[in-house]
Amino acid sequence: MNNNDCGEIWLLIDSRQFGGIETHVAQLAAGLLAHQQPVRVLMICQYAIPSPLCCKLETLGVPYQYLGDTDYRGLRNLIRLIKSHSPIALHAHGYKANLIAKVAKLSTGSLLLSTYHAGESPRGRVWLYDWLDRTSAAIAEHALVVSRAIGEKVPSPTHYLENFIDVENVDISQGKNIAFVGRLSAEKAPERFVRLADKFPQQLFHLYGTGCLASSLQESAAPNVRFYGHQTEMSTVWSEISLLVICSHYEGLPMVALEAMARGIVVISTAVGEMPQLIDHQQNGFIAQNEQQLNDCLALWLSLSPDKQNQLRINAINTIQQRHSQQVVIPKLLKLYLSNNS
């Protein structure tokens, strides 16, 4: 970074793997560049294994850098860089980035936006960090949430801003697979997907992702469940999927739902987070209130004629283009970033 970098917006994240927050940051960075706004992604700590986010940012042409090899050095270097380069705004994502950004804001006076992505209630030490992050939300000029339910957990005023994706270069899927895409962890309830496969033995079920439940799921899964592990390049995966099942206990507005629907992949989801607002039941997807209704929705989907299935696909695509596209949401964010200059 050199002294000619003023005018940038900095996106701060702590990243080890590639998940929903990383997808959001990559989409946001690409969207800002598309709107002629210079942007840089700052990663707090450089771990032994580089974050997959780096490769994605390189592909998108987004500049990025690590701040240090420990959280303390990352904070110290962040403060130094803010004082020497004066970015337009600092935008933090995730509890660790939010906490570090708030300390930096108190030290430098920089404009701060904090985005709250997590819908679940964490446990152990992470619960404490998450609590500190939420109770200190007022330090930021703008506390953004990706679902109204998340906003209800933050004790100070928040601003709901829709998750979004770039719909300009999205290929429509011609796939046939029924799939789960996400972490194999308790809040995502992948065991529901495995149990769903038991009810439909004539169908193949494709599970993309890894996590702490991987071994137990593989042991209990029926022969019609295929496990593919973590995917580094989702574009090839999306092209194989026809129906995405989101069976989570907690969500905000998951990026996988937007990614799927933009490609004409129909989503069956539990009624969590913003999913009931995103999906108009039986019009652009399906909403299930419980596990039995997941079964009922899948049975209904399989019973539809090709023409009716295709109409749901078209409606799903239109929903994302009209409400959750980069082209619609980025201008709203730019107004917040530039609020100190207005």
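The shown structure was predicted, so the numbers you read here are calculated from the model rather than taken from an experiment. (Residues numbered from 1 in each chain as written. Predicted model: local features only at pLDDT ≥ 70, side-chain atom pairs only at ≥ 80, totals over all residues. Heavy atoms only, no water.)

(A) Molecular detail of the overall build of the protein. In terms of regular secondary structure, the protein is built from 14 helices and 13 strands. Computed over the C-alpha atoms, the radius of gyration of the protein is 20 Å, within 12% of the 20 Å expected from 2.2 N^0.38 for a compact globule of 342 residues. Reported as C-alpha extents along the three principal axes, the dimensions of the protein are approximately 60 × 40 × 35 Å. Considering the protein as a whole, with its 342 residues, one finds that 53% of them fall into the buried category. (Helix = DSSP H or I, 4+ residues; strand = E, 2+ residues; numbered from the N terminus. Rg over C-alpha atoms; globule rule 2.2 N^0.38 Å. Buried < 20%, exposed > 50% of the residue type's maximum accessible area, 1.4 Å probe, protein only.)

(B) The sheet that holds strand β3 (residues 64–66), seen in detail. Strand order in this open sheet of 7 strands is β3-β2-β1-β4-β5-β6-β7, and the pairing throughout is parallel. This sheet does not close on itself; its edge strands, each paired only once, are β3 and β7 (159–160). Sheet analysis places strand β2 (residues 39–43) next to β3, joined by 3 bridges and oriented parallel. Directly across from Val41, in β3, lies its bridge partner Tyr64. (Pairing = 2+ DSSP bridges.)

(C) Region of interest: the packing of aromatic side chains. A full pass over the atoms with the stated rule returns 6 aromatic pairs. On the numbers, 5.4 Å between centres and 70° between planes, the contact of Phe193 with Phe205 is edge-to-face. In this pair, Phe193 sits in helix α7 (residues 190–199) while Phe205 sits in strand β9 (residues 205–208), placing the two residues 12 residues apart along the sequence. The exposure class of Phe193 is buried, given its relative accessible area of 0%. Taking the centre distance of 4.5 Å and the plane angle of 15° together, the rings of Tyr208 and Tyr228 count as stacked. Of this pair, Tyr208 sits in strand β9 while Tyr228 sits in strand β10 (residues 225–229), and the two are 20 residues apart along the sequence. Judged by relative accessible area, which is 7%, Tyr208 ranks as buried. Every member of this aromatic cluster is reached through a ring pair, and the members are Phe180, Phe193 and Phe205. Positioned above the aromatic ring of Tyr47 is the side chain of Arg16, whose terminal nitrogen or guanidinium carbon lies 3.7 Å from the ring centre. (Phe/Tyr/Trp six-rings, centres within 6.5 Å; stacked < 30°, edge-to-face > 60°. Lys NZ or Arg CZ within 6 Å of the ring centre and 35° of its normal.)

(D) A look at the packing of helix α10 (residues 255–262) against helix α13 (residues 306–323). One can describe the packing of α10 onto α13 by two numbers: an axis separation of 7 Å at closest approach and a directional angle of 120°. Here α10 is positioned oblique relative to α13, judged by the angle of their axes. Crossing geometry of α10 relative to α13 is assigned as left-handed. Contact with α10, carried on its side by Leu258, Met261 and Ala262, involves Ala316, Ile317, Thr319 and Ile320 of α13 and no other residues of that element. (Axes fitted to C-alpha atoms, helices over the stretch in contact; angles between N-to-C directions. Parallel < 35°, antiparallel > 145°, perpendicular 65-115°, else oblique. Left-handed = near helix turned anticlockwise from the far one by under 90°. Contact = heavy atoms within 4.5 Å.)

(E) Representation of the pairing of strand β4 (residues 89–93) in the model. Burial within β4 is extensive, with 5 of its 5 residues counted as buried. Judged by which residues are buried, β4 turns out to be covered on both faces: Ala89, His91 and His93 on one side and Leu90 and Ala92 on the other are all buried. Bridge analysis of strand β1 (residues 9–13) against β4 gives 5 bridges, and the strand direction is parallel. Opposite Leu12, over in β4, you have Ala92 as the bridge partner. Across 4 bridges, β4 lies against strand β5 (residues 112–116) in parallel orientation. Looking across to β5, one finds that His91 is bridged to Leu113. In this fold, the crossover linking β4 to β5 by way of helix α4 (residues 95–108) has right-handed handedness. (Right-handed = clockwise from strand over helix to strand, strands pointing away.)

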